[in-house]
Each structure stands twice: as C-alpha cells, then as structure tokens.
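Coordinate analysis (summary)
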Amino acid sequence: MEINGKKVVVIGGASGMGRASAELLAERGAQVAIFDREGSDGKQVAEGIGGTFYPVDVTDFKGTEETLQAAVDKLGGLHVTVTTAGGGIAKRTLTKSGPHDLESFQSVIDLNLIATFNISRLAAAHMAKNEPEDEERGVIINTASIAAFEGQIGQVAYTAAKAAIAGMCLTMARDLGSMGIRVLAIAPSLFLTGLTSMVPDEMANQLVKDAAFPKRMGRPIEYAKLVAAIVENPMLNGQCLRLDAGQRFAPK
Ligand SMILES: NC(=O)c1ccc[n+]([C@@H]2O[C@H](COP(=O)([O-])OP(=O)(O)OC[C@H]3O[C@@H](n4cnc5c(N)ncnc54)[C@H](O)[C@@H]3O)[C@@H](O)[C@H]2O)c1
C-alpha cells in the first residue's frame, strides 16, 4: 500500500530500528504514533515527526490494548504496525550452577513473543475495519532476529521467542488473508542501536566477521528501508525476511 496518508503505530519507536522506521514512514507522509516505555525518548522522537507518544510497557498486555485503542481513536484508523520492542538475556540451558530458571525464560517470552502477538491480534481487529485500498487493509511487521535460526550458545530464551515470531508470520498471513491484511517479520543481524551501543568495537568486529558483505553492524535506516519496502509491496507476505549481509554464525 502507499505509505503517504497511512496511519501507523511503531511499538518500540523511541530508539534504534523502531525510531528509524517511525522517522522514515513519517517522512514519506504517514501519520505515526510511537509506543515505548515511560522515560524513553519517545516524546522527543514523536515531536520531531509531528506524531504522538504513548508511554506503555508492552508486557502490560491489557494496558497495551487500551493504549492501542486510544492511539487508533486519535489517528482515526490503523493501517500499519511495526513492532520492535524486545530484547534478550544470555543464559545457557544448563550450567554448573543448575538449569536455566523458568522465570527469566518466561519474561523473555512475554516481552518478545506474547507482547508481539498481543499487538498483532489487536492491530488486525482495527485494520479489518478499514476501507480496502487495492483489496488491502493493513500490514503487520514484527521483529525477529537471526538468533531465531542461528542457534547461538546462551540464547535459548531469545531464540525460542524470535523463532516463534518468525513462525507465526505464515499462519497469521493465512488467518488474515481474506481480510487483506499482510503479516511479515524482519530478522536483523547485529545492528547498531540503543540495545547494542555498549558492545565494544572488538566484540562487534568479531560478531560481524562471518557476514558475506558488508562486514559491519547494520544501520537502523537499513531496517527502516525494508519496512517501507514491505508496506509498499503487496506481494511480500507470510514470511520472515533476514536482513543480515549474508551472515551465518558458528556455535560461538
Ligand atoms: N540491535 C540488534 O543487533 C538486533 C538484532 C536482532 C534483533 N534485534 C531486535 O530488534 C528489536 C529492536 O531493537 P533495537 O536494536 O532497535 O533496540 P533499541 O533498544 O534501540 O530499541 C528498542 C526499543 O524498545 C523499547 N522497549 C523495550 N522493552 C519495552 C517494553 N517492555 N515496553 C515498551 N517498549 C519497550 C525500548 O525502550 C527501546 O526504545 C528488538 O526486538 C531486538 O530484539 C536487535
């Protein structure tokens, strides 16, 4: 669908890839609402693009539902969601001190998977009410990670959550196809964002050395450009797209 004039919610839009997506879509004429945590830079980012900031913790599932309703009411509809809020922990399945605790596993699943599904299901209900444009009513874009496929040691909870986000794309696309709503995910490799800004250069170089080209961290704008391409191209649907410079990891 055309980006110009569309109503967009970017969840995690205060920083990194979400912020770049919010800025690019606004630049291309979309009306953008930004969801992010209280105390994030969401307000400044929203002001910079003529949008509105909604403070919310996506693991408050009911609160997210109410916030999405308020944003859609103010926007006057919803065509596109981009969900980037997420993050992980480093913990192995078993160490000398015992098995992976379930609490931290569950919290990574809640933040990445349940929150993403919560937003997707609610967004779909709003999008279904749109007048179709070339038979299309909406686009849902979620964020996986190459960790979903690469099996890196110590990433078991994050891998489980991101693999589920990748796996849901085709099922949701089929569930929502008759309503003209598309569902995709993007699986980035290492990108230079708020999440990774603390990674020392030496470690970052190590983490990108197996990329084919370019051997560097991705830039948030490169994620945003794929978001824009997804919105504009109706033949893209039901899949998780790797955005990784041809990167494949060894076990460590
Ligand atoms: N940066 C990378 O190398 C990389 C690689 C693969 C996947 N990812 C994924 O990309 C997504 C975007 O991350 P980023 O790198 O742009 O990081 P980032 O830290 O720059 O941005 C993430 C934003 O999400 C917000 N957020 C986090 N938890 C939230 C919550 N509970 N409620 C509301 N907002 C919340 C943060 O406040 C932040 O503004 C994440 O899902 C991450 O797992 C990142």
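Rules used throughout
Residues numbered from 1 in each chain as written. Predicted model: local features only at pLDDT ≥ 70, side-chain atom pairs only at ≥ 80, totals over all residues. Heavy atoms only, no water. Core = buried A, V, L, I, M, F, W, Y, C linked by side-chain atoms within 4.5 Å. Buried < 20%, exposed > 50% of the residue type's maximum accessible area, 1.4 Å probe, protein only. Helix = DSSP H or I, 4+ residues; strand = E, 2+ residues; numbered from the N terminus. Contact = heavy atoms within 4.5 Å. Phe/Tyr/Trp six-rings, centres within 6.5 Å; stacked < 30°, edge-to-face > 60°. Near = heavy atom within 4 Å. Polar contact = N/O pair within 3.5 Å; in protein donor to acceptor, adjacent residues only side chain to side chain. Areas by Shrake-Rupley, 256 points an atom, 1.4 Å probe, with all protein chains shown as cover. Nonpolar A, V, L, I, M, F, W, Y, C, P; charged D, E, K, R; others polar. Axes fitted to C-alpha atoms, helices over the stretch in contact; angles between N-to-C directions. Parallel < 35°, antiparallel > 145°, perpendicular 65-115°, else oblique. Left-handed = near helix turned anticlockwise from the far one by under 90°. Disulfide = S-S within 2.5 Å. Pairing = 2+ DSSP bridges. Expected span 1.5 Å × (residues − 1). Arc of directions from axis to C-beta.

**Regarding the nonpolar core**
- Ranked by internal contacts, the top residues of the largest apolar core, which has 40 residues, are Val9, Ile11, Phe35, Leu68, Leu78, Ile140 and Ala144.
- Breaking this core down by element, the ones donating at least two residues are β1 (7–11), β2 (31–36), α3 (61–75), α4 (102–127), α6 (156–176) and β8 (181–188).
- Tallying contributions element by element places α6 first for this core, with 10 residues.
- In contact with Ile11, not counting residues within four places along its chain, are Phe35, Val58, Thr81, Val82, Thr83, Thr84, Ala85 and Ile119.
- Core analysis: the second largest hydrophobic core is formed by 31 residues, Ala22, Val45, Phe53 and Leu226 among them.

**Some thoughts on the packing of aromatic side chains**
- Overall, the coordinates contain one aromatic pair when judged by the stated rule.
- Ring centres 5.5 Å apart and planes at 55° place the aromatic pair Phe35 and Tyr54 in the tilted group. Taken together, the residues span a long stretch of sequence, with Phe35 in strand β2 and Tyr54 in strand β3 (residues 52–55) at a distance of 19 residues.
- A relative accessible area of 12% means that Tyr54 is categorised as buried.

**Quick notes on the site of the ligand**
- Looking at the ligand, there are 28 residues lining it, with Ser15, Asp36, Tyr158, Phe191 and Thr193 nearest.
- One of the backbone N or O atoms of Thr84 is found 2.9 Å from an oxygen atom in the ligand.
- Here an oxygen atom of the ligand sits 2.8 Å away from a polar atom, N or O, in the main chain of Phe191.
- Look at the ligand: alone it shows 830 Å² of surface, and the protein chains cover 93% of it.
- Listing elements by their share of the shell around the ligand, those giving two or more residues are α1 (16–27) and α6.
- Here the shell around the ligand is composed, by residue class, of 12 nonpolar, 12 polar and four charged.

**Things to note about the packing of α1 against helix α8 (residues 220–232)**
- Contact geometry of α1 with α8 gives a least axis separation of 8 Å together with a crossing angle of 55°. By the angle class used here, α1 and α8 are oblique. Crossing handedness for the pair α1 and α8: right-handed. In this structure, α1 contributes Gly16, Met17, Ala20, Ser21, Leu24 and Leu25 to the contact, and α8 contributes Pro220, Ile221, Tyr223, Ala224, Lys225, Val227 and Ala228.
- A class-by-class count of the residues in the contact of α1 with α8 yields 10 nonpolar, two polar and one charged.

**Details of the state of the cysteines**
- Scanning the entire structure with this criterion turns up zero disulfides.
- Note on Cys169: no disulfide assigned, nearest cysteine sulfur contributed by Cys240 at a separation of 5.5 Å.
- For Cys240, a relative accessible area of 17% corresponds to the buried category.

**Comments concerning the pairing of β8**
- In terms of burial, β8 is largely enclosed, as eight of its eight residues are buried.
- Burial along β8 is two-sided: Ile181, Val183, Ala185 and Ala187 facing one way and Arg182, Leu184, Ile186 and Pro188 facing the other are all buried.
- Alignment of strand β7 (residues 138–143) against β8, held across six bridges, turns out to be parallel. Its bridge partner lying in β8, Thr143 is registered against Ile186.
- With four bridges connecting them, β8 and strand β9 (residues 240–243) associate as parallel partners. From the neighbouring strand, Pro188 faces β9, where its bridge partner is Leu243.

**Let's talk about the sheet that holds β7**
- Spatially, the seven strands line up as an open sheet ordered β3-β2-β1-β4-β7-β8-β9, and their pairing is parallel. Strand pairing shows two members of the sheet lacking a second neighbour, β3 and β9, which therefore form its edges. Strand-to-strand, the axes of this sheet are offset by a mean angle of 20°, without reference to chain direction.
- Contacts between α1 and the sheet are confined to β1, β2, β4 (80–83) and β8, with β2 contributing the most and set at about 165° to the helix.
- The strands that α4 touches are β1, β4, β7 and β8; relative to β7, the one it contacts most, it runs at about 175°.

**Observations regarding α3**
- The terminal C-alpha atoms of α3 lie 21 Å apart, and with 15 residues this matches the ideal 21 Å at 1.5 Å per residue to within 8%.
- Buried residues of α3: Gly63, Thr64, Thr67, Leu68, Ala71, Val72 and Leu75, and no others. All buried residues of α3 project into a common sector of 165° when viewed along the axis, lining one side. Facing away from the buried side of α3 by over 90 degrees, the exposed positions are Glu66 and Asp73.
- Those residues of α3 that are buried lie in contact with β1, β2, β3 and α4.

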